[in-house]
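One letter stands for each residue in the lines below.
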Amino acid sequence: MSFSPVPPPVNGPVGPLERGLAVLRELTRLAAHEGRTTVRPGDLVRGTGLARSVVDRVVGTLEQLGYVTLDGRDIGLAVRLMELGNAYLAASGLPAALGPFAERLADGLDESVSVAVPDGGGVRFVVQVTRRRTMSLAFRIGDLLPAERCSPGALFAAEWSGADWAAWRARRVEDPLDTAFPGVPPRHRPASGEDFEARVKEAARDGWAVDDQLIEPGLVAVSVPVRDASGRIVCAVNVVSHTSRHDVDSLRAAVLGPLGAELPAMEAALTARRPRLAALGASVASAASVASVASVVPVTGDSGTAVGEDPARMAKRELGAGFLQSLARGLAVLRALGGAAPGGVQVSGGTQGSGGTQGPGQGEARAVEDAARGASGATGGMTYGLVGAGPGGGRGGGMTLSAVAEATGLARATARRSLLTLVELGYAEVDGRTFRPLPRVLELGYAPLAELGFTDIAQPHMRELVRTVHESASLAVLDGGDIRYIARVPTVRIMSVNITIGTRFPAYATSMGRVLLAGLDADARAAHLAGVRPEPLTRHTVTDVAELARVVERAAAEGHALVDQELEEGLRSLAVPVRDARGRVVAALNVATHAGRGTAESARGELLPALRATAARIEADLATASAQHALGAGERVGA
């Protein structure tokens, strides 16, 4: 398999899946290289070489799956696309196993700490804990860096085979200025590879590697390898600083001791993570995969669908010839691989481990393995960032063909074709009877989407809400005794509510404030209300603390709050809570309108369903975006 980040040709066994992945790669490339949040169909035609009609069908299917957004002719990456990258991160076990160590090291060293995995001739970052400074040092999760321009690369290259080195040299000839790597500044001139080869030998000898401003001027880093039980390098822990704080020698002196002290526990955590993941089984993958595809089909009282029917087939029947069910099935297979049961334990059917009698589907899976090896050529020595990954024995994780078929509701032959395509394109690997996702999955939009903060995620849904109800929408958080506006989408009216980001109002007199107070636990809510001295902002304002407590209790019970002219005469607002993945209320979403446009009850009946649906979509995206790491830059909520 080539190291090259250049996409392979679109010519494999499941053409719609390959074409869909090509479109997603090009969308990501334009977002990463050019900072474009949206593109036009013509951009994708030029970037992929696909016909316009093909691009239109692919984009239409991806939009139905929730992986891209469409606003007129503008196409963008949707947060839900991150569930593909989350499948790899979950299957690898690395964020869960090493994230706590990275946080502890970052706190102790007061420097940014990351975890990187090998991906062919490059390095991808899968865990990132930053220090919040004006001079911020952080790699985006999912970013691919050339191995020769970062310290983890020297560690990983110490295990390369001759074929791996040949592929690396070929890539450097094809792209001498590193223009295919948006995570690093391009070179001004080609560099010799001899220096990297010397650094690889030093890293193999010393057991650590340094980056002395290889990525860009002013950045220095030190990395140490984390190995599996067989001694192979799984990943590297990387400490990054700036030359205003350290030179490379002082950074090495400061961090090697603490890193070395944590290494045994980190390696033990990787080993222990595998049986914990095995307990999850295929049910998680099945629920996520089937629900994701099935969600594009409108829910009716009597769908006439047989239990266990292929969700992609259902979507095809509902949405017509424009829906590419082979693409939907292939992405469902990729997503399902995130529910793998590690340690060689089969999720369903068959027997445990590699021994014993042959269970259902195992002979077929062995045939798939043989075919996939021929298709991928993956026989070299490079590893791919999975716990215990590496050629030969000792690899944990993965799902059998039978387990994938059961998790997705697909026939084994259909699942097999998708798996073969994913293996051929470098998004999965096969070992024995198990398939695993590979770090390359993270190139499908993950890095630009991982940068999104809370308000970035919420605002597209708020714009859709405003288009639906034709009233302004706002998002606020509790800040002491006030609410503070963190996002707002106005409507276009002659008479409209005019509020700016950062505006504060007393929580007791606002619908969002009451929803946020309702989200506090009983003790915190009582303490807050005990300190409130309500003032009559209008003749309608509730100023009795006991009555205010009853109003907040009602908001908690009903899941929304309506405030009618208590903050300002003529202003009516309705709010619902927005919860994080743990169910905590972290913000409130409201719609504000003029009281003259109807009664309070008519406003509730007209606006509440749309508000709740919008909050649910925001919550779903928040859960996806924070499934494997903290949200990106921007407004921090729920901390």
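Calculation criteria
- Residues numbered from 1 in each chain as written.
- Predicted model: local features only at pLDDT ≥ 70, side-chain atom pairs only at ≥ 80, totals over all residues.
- Heavy atoms only, no water.
- Phe/Tyr/Trp six-rings, centres within 6.5 Å; stacked < 30°, edge-to-face > 60°.
- Buried < 20%, exposed > 50% of the residue type's maximum accessible area, 1.4 Å probe, protein only.
- Helix = DSSP H or I, 4+ residues; strand = E, 2+ residues; numbered from the N terminus.
- Lys NZ or Arg CZ within 6 Å of the ring centre and 35° of its normal.
- Pairing = 2+ DSSP bridges.
- Axes fitted to C-alpha atoms, helices over the stretch in contact; angles between N-to-C directions.
- Parallel < 35°, antiparallel > 145°, perpendicular 65-115°, else oblique.
- Contact = heavy atoms within 4.5 Å.
- Nonpolar A, V, L, I, M, F, W, Y, C, P; charged D, E, K, R; others polar.
- Expected span 1.5 Å × (residues − 1).
- Core = buried A, V, L, I, M, F, W, Y, C linked by side-chain atoms within 4.5 Å.
- Salt bridge = Lys/Arg side-chain N within 4 Å of Asp/Glu carboxyl O.

Trainee: What's the story with the packing of aromatic side chains in this structure? I'm lost.
Mentor: According to the stated counting rule, one finds seven aromatic pairs in the structure shown. Look at Trp-160 and Trp-168: their rings are 6.4 Å apart centre to centre, the planes differ by 50°, and that puts the pair in the tilted class. Trp-168 matches Trp-160 in its accessibility class, with the two residues each being buried. Relative to Trp-168, the ring of Trp-165 has its centre 5.4 Å away and its plane inclined at 90°; by these criteria the two rings are edge-to-face. Of this pair, Trp-165 and Trp-168 are both found in helix α7 (residues 162-174), three residues apart, which corresponds to roughly one turn of the helix. Across this residue pair, the class does not change: Trp-165 and Trp-168 are buried. Joined through ring pairs, the aromatic side chains of Trp-160, Trp-165, Trp-168 and Phe-196 make up one cluster. Positioned over the ring face of Tyr-427 is Arg-440, at 5.3 Å from the centre of the ring.

Trainee: Before we go on, may I ask you to explain the pairing of strand β9 (residues 428-431) in this structure?
Mentor: Every second residue of β9 is oriented toward a common face, with Ala-428 and Val-430 on one face and Glu-429 and Asp-431 on the other, all of them buried. Two successive antiparallel strands, β9 and strand β10 (residues 434-437), enclose a turn made up of two residues, where Gly-432 displays a positive phi of approximately 65°.

Trainee: Help me out: how do you make sense of the packing of helix α1 (residues 15-34) against helix α2 (residues 41-48) in this one?
Mentor: Between two packed helices, what matters for the description is the angle formed by their axes and the separation of those axes. Running from N to C, α1 and α2 point in directions that differ by 110°, and their axes come no closer than 10 Å. Here α2 runs roughly perpendicular to α1, going by the angle between their axes. Packed against α1, whose contacting residues are Ala-22, Val-23, Glu-26, Leu-27 and Leu-30, the element α2 presents Asp-43, Leu-44, Gly-47 and Thr-48 at the interface. Its residues assigned to classes, the contact of α1 with α2 comprises five nonpolar, two polar and two charged.

Trainee: Can you help me understand helix α12 (residues 325-336) in this one?
Mentor: An α-helical turn contains 3.6 residues, so any two residues separated by three or four positions project in the same direction. Here α12 contains twelve residues, and its C-alpha end-to-end distance of 16 Å stays within 8% of the 16 Å for a straight helix at 1.5 Å per residue. Turning to α12, its buried residues number three or more, namely Gln-325, Leu-327, Ala-328, Arg-329, Gly-330, Leu-331, Ala-332, Val-333, Leu-334, Arg-335 and Ala-336.

Trainee: Quick question: what am I supposed to make of the nonpolar core here?
Mentor: As a rule of thumb, soluble globular proteins bury nonpolar side chains together. Formed by 119 residues in total, the largest nonpolar core has its most connected members in Leu-475 and Leu-589. Counting residues per element, this core draws most heavily on helix α21 (residues 600-625), which supplies ten residues. Judged by nonpolar contacts, the second largest core, of 27 residues, contains Phe-139, Val-184, Ala-209 and Ala-236.

Trainee: Looking at this structure, I do not really get the sheet that holds strand β8 (residues 233-242). What am I missing?
Mentor: The strands making up a sheet associate through hydrogen bonds between their backbones, and the pairing can be parallel or antiparallel. Judged by pairing direction, the sheet is antiparallel, and its six strands sit side by side in the order β5-β4-β3-β8-β7-β6 without closing on themselves. Strands at the two margins of the open sheet, each flanked by one partner only, are β5 (144-146) and β6 (209-212). If you compare each strand with its neighbour and ignore which way they point, the axes differ by 30° on average. Pairing geometry for strand β3 (residues 112-119) and β8, over five bridges, is antiparallel. Of the residues in β8, the one forming a bridge with Val-115 is Val-237.

Trainee: Even after reading the chapter, I still don't get the pattern of salt bridges, so can you show me in this structure?
Mentor: In a structure, side chains of opposite charge can pair up when their charged atoms sit close to one another. Tallied over the entire structure, the rule returns 40 salt bridges. Residue Glu-443 is joined to Arg-124 by a salt bridge in which the shortest nitrogen-to-oxygen separation is 3.8 Å. A residue pair is termed long-range when its members are at least 10 positions apart, and Glu-443 in the loop between β10 and α16 (446-450) and Arg-124 in strand β4 (residues 122-129) qualify at 319 residues. Comparing Glu-443 with Arg-124, the two get one shared label, buried. Between Asp-249 and Arg-252 there is a salt bridge, with the nearest N and O atoms lying 3.1 Å from each other. One end of the pair is Asp-249 and the other is Arg-252, both in helix α9 (residues 248-278) and three residues apart, which spans about a single turn. Accessibility expressed as a relative area gives 44% for Asp-249, which makes it partly exposed. Using a relative accessible area of 24% as the deciding quantity, one classes Arg-252 as partly exposed.

Coordinates in, geometry out; function isn't part of it.
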